[in-house]
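In case you want the letters, here they are:
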Amino acid sequence: MRYVVVDASGEWADEMDIPMNGMSMIHDMSLTKNYVVIFDLPVTLSFMALGTGASFPFRWDNDHEPRVGLLPRNGEAKDIIWCPIKPNYAYHPMNAYEDNAGNVVIDICRYERMFDQDTLGPFGDSLPRFDRWTISPSTRSINETIVDERPQEFPRCHPQLNGKPYRYGYTVAVAGSGTN
């Protein structure tokens, strides 16, 4: 994976290669005051799907160990703190920030499975719920808390609060899920 830094004027400032355990479909990332958050989850490039001409060559991979990486903002790839997480897939985080204890808090729409039986996605294998992941860099552990089980996606908080603690956020209900 290549991590690229762009400065405030939109110019290239830095880049680094990050070695990965496979070809994960990394759809999104998060930033906190001190970390770049990398979601290395078990949807990976499938050479079988690619070889059969599938229009979307990514599939659920039971053998890919799911993890979340915390790259220090001024660090190198060797400095990433990798933390294991239960198998899941997540496209869209609402926000991430660091709490007073130094933990990284991420609010995110989480799917149990993605591109497993239904390769058209995103709502075929499971519906997204809204979770809070609290990551301890010191213990390399993640505490997962369900915030809201109702299916929802496209989370947002006020843009001025990105990377900071916040009280309110907004999501879109998934159509046909029984929510109003």
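Described below are features of the structure shown in this document. (Residues numbered from 1 in each chain as written. Predicted model: local features only at pLDDT ≥ 70, side-chain atom pairs only at ≥ 80, totals over all residues. Heavy atoms only, no water.)

Observations regarding the overall build of the protein chain
A tally of regular secondary structure across the protein chain gives one helix and 14 strands. What you see for the protein chain is a C-alpha radius of gyration of 17 Å, in line with the 16 Å of a compact globule of 180 residues. When its C-alpha atoms are laid out on the principal axes, the protein chain stretches across 40 × 40 × 35 Å. By element, 51% of the accessible surface of the protein chain is carried by carbon and sulfur atoms, the whole surface being about 10,200 Å². (Helix = DSSP H or I, 4+ residues; strand = E, 2+ residues; numbered from the N terminus. Rg over C-alpha atoms; globule rule 2.2 N^0.38 Å. Areas by Shrake-Rupley, 256 points an atom, 1.4 Å probe, with all protein chains shown as cover.)

Quick word on the environment of Glu98
Following the sequence through the fold, Glu98 ends up in strand S9 (residues 93-98). Sequence separation between Glu98 and Leu120 is 22 residues, and the spatial gap between their C-alpha atoms is 35 Å. Here the side chain of Glu98 touches Lys33 through a polar contact of 3.3 Å, landing on its backbone nitrogen. One polar contact links the side chain of Glu98 to the main-chain amide nitrogen of Asn34, over a distance of 2.7 Å. (Polar contact = N/O pair within 3.5 Å; in protein donor to acceptor, adjacent residues only side chain to side chain.)

Remarks on the pattern of salt bridges
Across all of its chains, the model carries 12 salt bridges by this definition. Ionic pairing is found between Asp17 and Arg2, a salt bridge with its closest N-O pair at 2.8 Å. Highlighted residues: Asp17 in strand S2 (residues 12-17) and Arg2 in strand S1 (residues 2-6), separated in sequence by 15 residues. The residue Arg110 makes a salt bridge to Glu144 at a minimum N-O spacing of 3.0 Å. Residue Arg110 is found in strand S10 (residues 104-110), and its partner Glu144 is found in strand S12 (residues 141-148); the two are separated by 34 residues along the sequence. Taking relative accessible area as the criterion, Arg110 reaches 3% and is therefore assigned buried. (Salt bridge = Lys/Arg side-chain N within 4 Å of Asp/Glu carboxyl O. Buried < 20%, exposed > 50% of the residue type's maximum accessible area, 1.4 Å probe, protein only.)

Some thoughts on the pairing of strand S7 (residues 67-72)
Across the six residues that make up S7, a large majority, five, are buried. Sheet topology places strand S4 (residues 35-40) next to S7; six bridges connect them, and they run antiparallel. The residue bridging Val36 from the neighbouring strand is Leu71, located in S7. Pairing analysis gives four bridges linking S7 to strand S8 (residues 81-84), with the strands arranged antiparallel. (Pairing = 2+ DSSP bridges.)

Remarks on the sheet that holds S12
Taking strand neighbours across the sheet as the criterion, the four strands line up as S9-S10-S11-S12 in an open arrangement whose pairing is antiparallel. Because the sheet does not close on itself, it has two edges, and the strands there are S9 and S12. Averaged over all neighbouring strand pairs, the angle between strand axes comes to 20°, with direction disregarded. Judged from the seven bridges that link them, strand S11 (residues 129-136) and S12 form a sheet pairing that is antiparallel. Bridged to Phe130 within S12 is Asp148. (Axes fitted to C-alpha atoms, helices over the stretch in contact; angles between N-to-C directions.)

Quick look at the environment of Arg2
The sequence separation of Arg2 and Trp60 amounts to 58 residues, and the corresponding C-alpha distance is 22 Å. Setting aside residues no more than four positions away along its own chain, Arg2 makes contact with Glu15, Met16 and Asp17. A polar contact is formed between the side chain of Arg2 and the side chain of Glu15, at a distance of 2.9 Å. One polar contact links Arg2 to Asp17, side chain to side chain, over a distance of 2.8 Å. (Contact = heavy atoms within 4.5 Å.)

Quick look at the sheet that holds strand S3 (residues 29-31)
If you walk across this open sheet you meet the four strands as S3-S4-S7-S8, and the pairing is antiparallel. Whereas interior strands pair on both sides, the edge strands pair on one side only; in this sheet they are S3 and S8. This sheet shows a mean twist of 20° between the axes of neighbouring strands, independent of strand direction.

What to know about the side chain of Ser126
The topology assignment puts Ser126 in the loop between S10 and S11. Polar contacts involving the side chain of Ser126 include one to the main-chain amide nitrogen of Glu112, which spans 3.2 Å. For Ser126, the side chain forms a polar contact with the main-chain oxygen of Arg113, separated by 3.0 Å. Sequence-distant contacts of Ser126, defined by excluding residues within four places in its chain, comprise Tyr111, Glu112 and Arg113.

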